[in-house]
Amino acid sequence: QVQLVESGGGLVQPGGSLRLSCAASGSMFSTTVMGWYRQAPGKERELVARMSRGGTTIYADSVKGRFTISRDNAKNTVYLQMNSLKPENTAVYYCNAGNTLAEVGRYWGQGTQVTVSS
């Protein structure tokens, strides 16, 4: 079993920055890949970024160049640095963990709200 606890969401103005954190506890194997998904009102959950323990990353095209995923393997924690935020980035952001980049991980956090508004 894996527990994921997110933090760092909030309200930010357009063009601003936020940093999300997700700390994992439990099976190290099941956190080989950690990442972030988001779900906006009325929309399906979508990939934001994922990262393997070895450093391989995957980004959604819409966030490339603005968002950066990183992780501290010793702390089993993944981060999402979000810069140049736009109103369309408003969503609940979910941490996700699994053991392969080939599919979505089976473990989810509770989600953290990110609102981009002036």
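Residues numbered from 1 in each chain as written. Predicted model: local features only at pLDDT ≥ 70, side-chain atom pairs only at ≥ 80, totals over all residues. Heavy atoms only, no water.

Within the protein, the secondary structure is distributed over 0 helices and 11 strands. Starting at the N terminus and ending at the C terminus, the protein contains elements arranged as β-β-β-β-β-β-β-β-β-β-β. Over its C-alpha atoms the protein spans a radius of gyration of 13 Å, differing by no more than 12% from the 13 Å that the globule rule assigns to 118 residues. Across its three principal axes, the protein shows a C-alpha extent of roughly 40 × 25 × 25 Å. The 118 residues of the protein split such that 44% are buried. For the protein, the share of sequence-separated contacts (at least 6 apart) that also reach a separation of at least 24 residues comes to 55%. For the protein, the exposed surface amounts to about 5,900 Å²; the carbon and sulfur share of it is 49%. (Helix = DSSP H or I, 4+ residues; strand = E, 2+ residues; numbered from the N terminus. Rg over C-alpha atoms; globule rule 2.2 N^0.38 Å. Buried < 20%, exposed > 50% of the residue type's maximum accessible area, 1.4 Å probe, protein only. Contact = heavy atoms within 4.5 Å. Areas by Shrake-Rupley, 256 points an atom, 1.4 Å probe, with all protein chains shown as cover.)

Once that is clear, we can look at the nonpolar core. In summary, soluble globular proteins display a tendency toward joint burial of nonpolar side chains. Among the nonpolar cores identified, the biggest contains 28 residues, and Leu4, Trp36, Leu80, Met82 and Tyr93 are the most heavily contacted of them. Within the residue set of this core, elements represented by two or more residues are β1 (2–7), β3 (18–26), β4 (33–39), β5 (46–52), β7 (67–72), β8 (77–82), β9 (91–98) and β11 (112–116). (Core = buried A, V, L, I, M, F, W, Y, C linked by side-chain atoms within 4.5 Å.)

Our focus in this paragraph is the sheet that holds β7. Pairing between the strands of a sheet comes from backbone hydrogen bonds, and it takes one of two forms, parallel or antiparallel. Taken in spatial order, the 4 strands line up as β1-β3-β8-β7 in an open sheet, and their pairing is antiparallel. The sheet terminates laterally at β1 and β7, the two strands that pair on one side only. The mean inter-strand angle of the sheet, taken between neighbouring strand axes irrespective of direction, is 15°. (Pairing = 2+ DSSP bridges. Axes fitted to C-alpha atoms, helices over the stretch in contact; angles between N-to-C directions.)

Below, the discussion takes up the packing of aromatic side chains. With the rule as written, the count across this model stands at 2 aromatic pairs. Relative to tryptophan 108, the ring of tyrosine 37 lies with its centre 5.2 Å away and its plane at 70°, an arrangement referred to as edge-to-face. Highlighted residues: tyrosine 37 in strand β4 and tryptophan 108 in strand β10 (residues 107–108), separated in sequence by 71 residues. Among the residues examined, tyrosine 37 registers a relative accessible area of 8% and is labelled buried. Note on tryptophan 108: relative accessible area 34%, which makes it partly exposed. The interplanar angle of 90° and the centroid separation of 6.4 Å between the aromatic rings of tyrosine 94 and tryptophan 108 together place this pair among those described as edge-to-face. (Phe/Tyr/Trp six-rings, centres within 6.5 Å; stacked < 30°, edge-to-face > 60°.)

Right, let's talk about the state of the cysteines for a bit. Note on terminology: disulfide describes a covalent bond linking the sulfur atoms of two cysteines. Summed over the entire model, instances satisfying the criterion amount to 1 disulfide. In this model, cysteine 22 is linked to cysteine 95 through a disulfide, with the two sulfur atoms separated by 2.0 Å. Handedness here is read from the sign of the S-S torsion; for cysteine 22 and cysteine 95, about -85°, the answer is left-handed. Of this pair, cysteine 22 sits in strand β3 while cysteine 95 sits in strand β9; the two residues are 73 residues apart in sequence, bridging distant segments of the chain. (Disulfide = S-S within 2.5 Å.)

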